[in-house]
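Structure assessment
As a plain string of letters, each chain reads:
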Amino acid sequence: MTSQHEPSARRRAPAAARTGKQHKPYRRPKKDPVRILAFEALRAVDERDAYANLVLPPLLRRAREKGELDGRDAALATELVYGTLRRQGTYDAVIAECVDRPLREVDPPVLDVLSLGAHQLLGTRIPTHAAVSASVELARVVLGDGRAKFVNAVLRKIAQDDLDGWLDRVAPPYEDDPEDHLAVVHAHPRWIVSALWDALGGDRAGMEELLAADNERPEVTLVARPGRATADELLDSLASASAHPGRWSPYAVRLTEGGEPGALDAVREGRAGVQDEGSQLVAAALAAAPLDGPDRLWLDGCAGPGGKAALLGGLAAGRGAALVAAEKQPHRAGLVAKALAGNPGPYQVITADGTRPPWRSGSFDRVLVDVPCTGLGALRRRPEARWRRRPDDLDGFAPLQRELLKSALVAARPGGVVAYATCSPHLAETRAVVDDVLKRHGGARLMDARPMLPGVPSLGEGPDIQLWPHLHGTDAMYLALLRRTD
């Protein structure tokens, strides 16, 4: 029977002497800055519903300033955070097989340490002994010795098999339940697997390619803002083997080895920004749509945080047109103003609700509404969103999306063009919205958007466009172009 209080080393000495065994003195746990930082990021995501792409950069910056991390350490910390978040559902299924209680009864900080350890064991090339020992040391630092023993026991069970072996054990056979099989194997909630499959169509192979692409680390993509920089100028200034032209957008530059884009001169000076190529294509398609009559005034009706507005502002300026960028939230309107600062042509940033617009109807030649949505098209960049979103979130967005599209059509002049865009491929946020607004309110017709993106393959049957990570290397952006008819 163990005493409640740990006996002193002095009192143990006689027993040790009798047995011939030496008691090991207490050893302080080793503090590993990389894994402690990764743990802190995961706790912020869990406790505060924070997004990793907002939490991680300041943590990394502070650690560098303290001299705790170098570039290689920062890359490992980033991989541990994003890799753990992407595969959370899979790792939960594996961990559940190795503990003697439901996962909901495991303290969240303990589960975060276990998930970090599982990712190192099953999702990286870190040697098994190093992954286990480093995770146990982390547990000793952030959880204490008692719970570190629990972490050690669980991780040693996980280490007995590789990822494929575990998936054979925890995922139901595809033949019995295709959606649940893909959900476990590719770490997406079942309802998201179902929704993506409805939007994508096709067979198992295409669906697996999409889900696998969602779990890949996306490249950092820059946009050269027209009138302030060109893609060629960006490439010349980077002079790096890791910088390449975009696949489809003439304004895009891809950074295949990551890095800190915010530290680049062109980004700090506002001549370029960080923007997924799919978002660039949405703005480019609206700008390319043919118009009859004047082309003098453009509107971005949901402009925050300003990436598309900055690109549209440059394109409008090149034609002698002006841009009005409207954003409901004041702090996001401030981000829009910052993105547009230095725009070569006239523009105005206003704080306004697109469903209660301050402008007169028929004022604009071109209108963009990139509406608030579930963000299911950007799961590569915000992996935690897949575990945070729920099916009933769609009901909350649906009325707003319809109102914003209806208001955008009213804002356009007869003959003007409206682009309805959303970073979600869910049919309830894409075609259902467009079809419903056209049916209920009329006054517009769908245009074929595909010719506005020359050279971009696999755009489907039209007239609208759905981009895909596995087909285009972009976020899953949706675009419909509508021409106001009266």
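In what follows, the accompanying structure is described. Remember, it's a predicted structure, so these values are computed and weren't measured experimentally.

1. A look at the overall build of the chain
Summing up its helical and strand segments, the chain has 21 helices and 12 strands in all. Over its C-alpha atoms, taken along the principal directions, the chain stretches across nearly 100 × 50 × 40 Å. Counting all 486 residues of the chain, 52% fall into the buried class. Considering only residue pairs separated by 6 or more positions, the chain has 72% of its internal contacts joining residues 24 or more positions apart. Between the averaged position of the 64 positive side-chain charges in the chain and that of its 64 negative side-chain charges there is a distance of 7 Å.

2. Focus on the nonpolar core
One finds Leu37, Val81, Leu122, Val151 and Ile158 to be the most contacted residues of the largest nonpolar core, which totals 57 residues. The element that contributes the greatest number of residues to this core is helix 2 (residues 33-48), accounting for nine residues. With sequence-adjacent residues up to four places away left out, Leu37 is seen in contact with Leu56, Leu59, Leu60, Ala63, Leu69 and Ala77. Counting residues in hydrophobic clusters, the runner-up holds 39 residues, among them Leu281, Ala283, Leu467 and Met477.

3. As for the packing of aromatic side chains
The way to describe two aromatic rings as a pair is by their centre distance and the angle between their planes. Taken as a whole and judged by the stated rule, the model has two aromatic pairs. With a centroid separation of 6.3 Å and 70° between ring planes, the pair formed by Tyr420 and Tyr478 is classed as edge-to-face. Taken as a pair, Tyr420 in strand 9 (residues 412-422) and Tyr478 in strand 12 (residues 478-484) lie far apart in primary sequence, 58 residues in all. Assigned by exposure class, Tyr420 and Tyr478 land together as buried. Positioned above the aromatic ring of Trp166, the side-chain terminus of Arg169 is 3.9 Å from the ring centre.

4. Thoughts on the pattern of salt bridges
The tally for this structure, following the rule as stated, stands at 33 salt bridges. Glu47 is the partner of Arg43 in a salt bridge, and the nearest nitrogen-oxygen pair spans 3.3 Å. Placement of both Arg43 and Glu47 in helix 2 is noted, with a separation of four residues, approximately one turn of the helix. By sharing partners, the salt bridges in this structure join Arg43, Asp46, Glu47 and Asp112 into a single network.

5. Here's the deal with the layout of surface pockets
Counted as a void, the second largest pocket has a volume near 340 Å³. Along the walls of the second largest pocket sit 15 residues, with Val45, Asp46, Leu85, Gln88 and Asp112 positioned nearest its centre. Those elements that place two or more of their residues in the lining of the second largest pocket are helix 2, helix 4 (71-86), helix 5 (88-98), helix 6 (108-122) and helix 18 (385-388). In terms of residue class, the lining of the second largest pocket is built from six nonpolar, three polar and six charged.

6. Some details on the pairing of strand 8 (residues 364-370)
Burial analysis of strand 8 places seven of its seven residues in the buried class, which makes it a mostly covered element. Here strand 5 (residues 297-300) runs beside strand 8; their pairing, made up of three bridges, is parallel. Within strand 8, the position partnered with Trp298 by the bridge is Arg366. Where strand 8 meets strand 9, six bridges bridge the pair, whose relative direction is parallel.

7. So, empty space enclosed by the protein
Tallying each qualifying case throughout the model produces one cavity of 30 Å³ or more. Forming the boundary of the largest cavity are Leu299, Gly301, Gly354, Trp359, Val367, Val369, Leu404, Ser407 and Ala408. Considering each element in turn, the lining of the largest cavity owes the most residues, three residues, to helix 19 (residues 393-411). Taken together, the residues that form the lining of the largest cavity break down as six nonpolar, three polar and no charged.

8. Overview of unusual backbone geometry
With an omega of 5°, the peptide bond between Gly304 and Pro305 qualifies as cis. Tracing the backbone through its elements, the reader meets Pro305 in the loop between strand 5 and helix 16 (307-317). That bond from Gly462 to Pro463 is cis: its omega, 0°, falls within 30 degrees of zero. Within the secondary structure, Pro463 is located in the loop between strand 10 (444-447) and strand 11 (465-466). Of note in this structure, Asp49 is not a glycine but carries a positive phi near 55°. Backbone geometry places Ala187, a non-glycine residue, at a positive phi of 55°. Along the chain, Ala187 turns up in the loop between helix 10 (178-185) and helix 11 (190-200).

9. Brief notes about the sheet that holds strand 4 (residues 272-274)
Read across the sheet, four strands follow the order 2-3-1-4 without closing on themselves; strand pairing throughout is antiparallel. Every other strand in the sheet has two partners, leaving strand 2 (243-245) and strand 4 as the edge strands with one partner each. The mean angle between the axes of side-by-side strands here comes to 30°, regardless of whether they run parallel or antiparallel. Relative to strand 3 (residues 252-255), strand 2 runs antiparallel, the two being bridged by three bridges. Looking at the pairing, Pro245 lines up with Val253 of strand 3.

Parameters and conventions
- Residues numbered from 1 in each chain as written.
- Predicted model: local features only at pLDDT ≥ 70, side-chain atom pairs only at ≥ 80, totals over all residues.
- Heavy atoms only, no water.
- Helix = DSSP H or I, 4+ residues; strand = E, 2+ residues; numbered from the N terminus.
- Buried < 20%, exposed > 50% of the residue type's maximum accessible area, 1.4 Å probe, protein only.
- Contact = heavy atoms within 4.5 Å.
- Lys, Arg positive; Asp, Glu negative; His and termini not counted.
- Charge placed at Lys NZ, Arg CZ, Asp CG, Glu CD.
- Core = buried A, V, L, I, M, F, W, Y, C linked by side-chain atoms within 4.5 Å.
- Phe/Tyr/Trp six-rings, centres within 6.5 Å; stacked < 30°, edge-to-face > 60°.
- Lys NZ or Arg CZ within 6 Å of the ring centre and 35° of its normal.
- Salt bridge = Lys/Arg side-chain N within 4 Å of Asp/Glu carboxyl O.
- 1 Å grid on protein atoms, 1.4 Å probe; cavity = no way out; pocket = protein on both sides within 12 Å on 5 of 7 lines; lining within 4 Å.
- Points joined across faces, edges and corners; volume = space filled by probe spheres on them.
- Nonpolar A, V, L, I, M, F, W, Y, C, P; charged D, E, K, R; others polar.
- Pairing = 2+ DSSP bridges.
- Axes fitted to C-alpha atoms, helices over the stretch in contact; angles between N-to-C directions.

None of this, on its own, says anything about what the molecule does.
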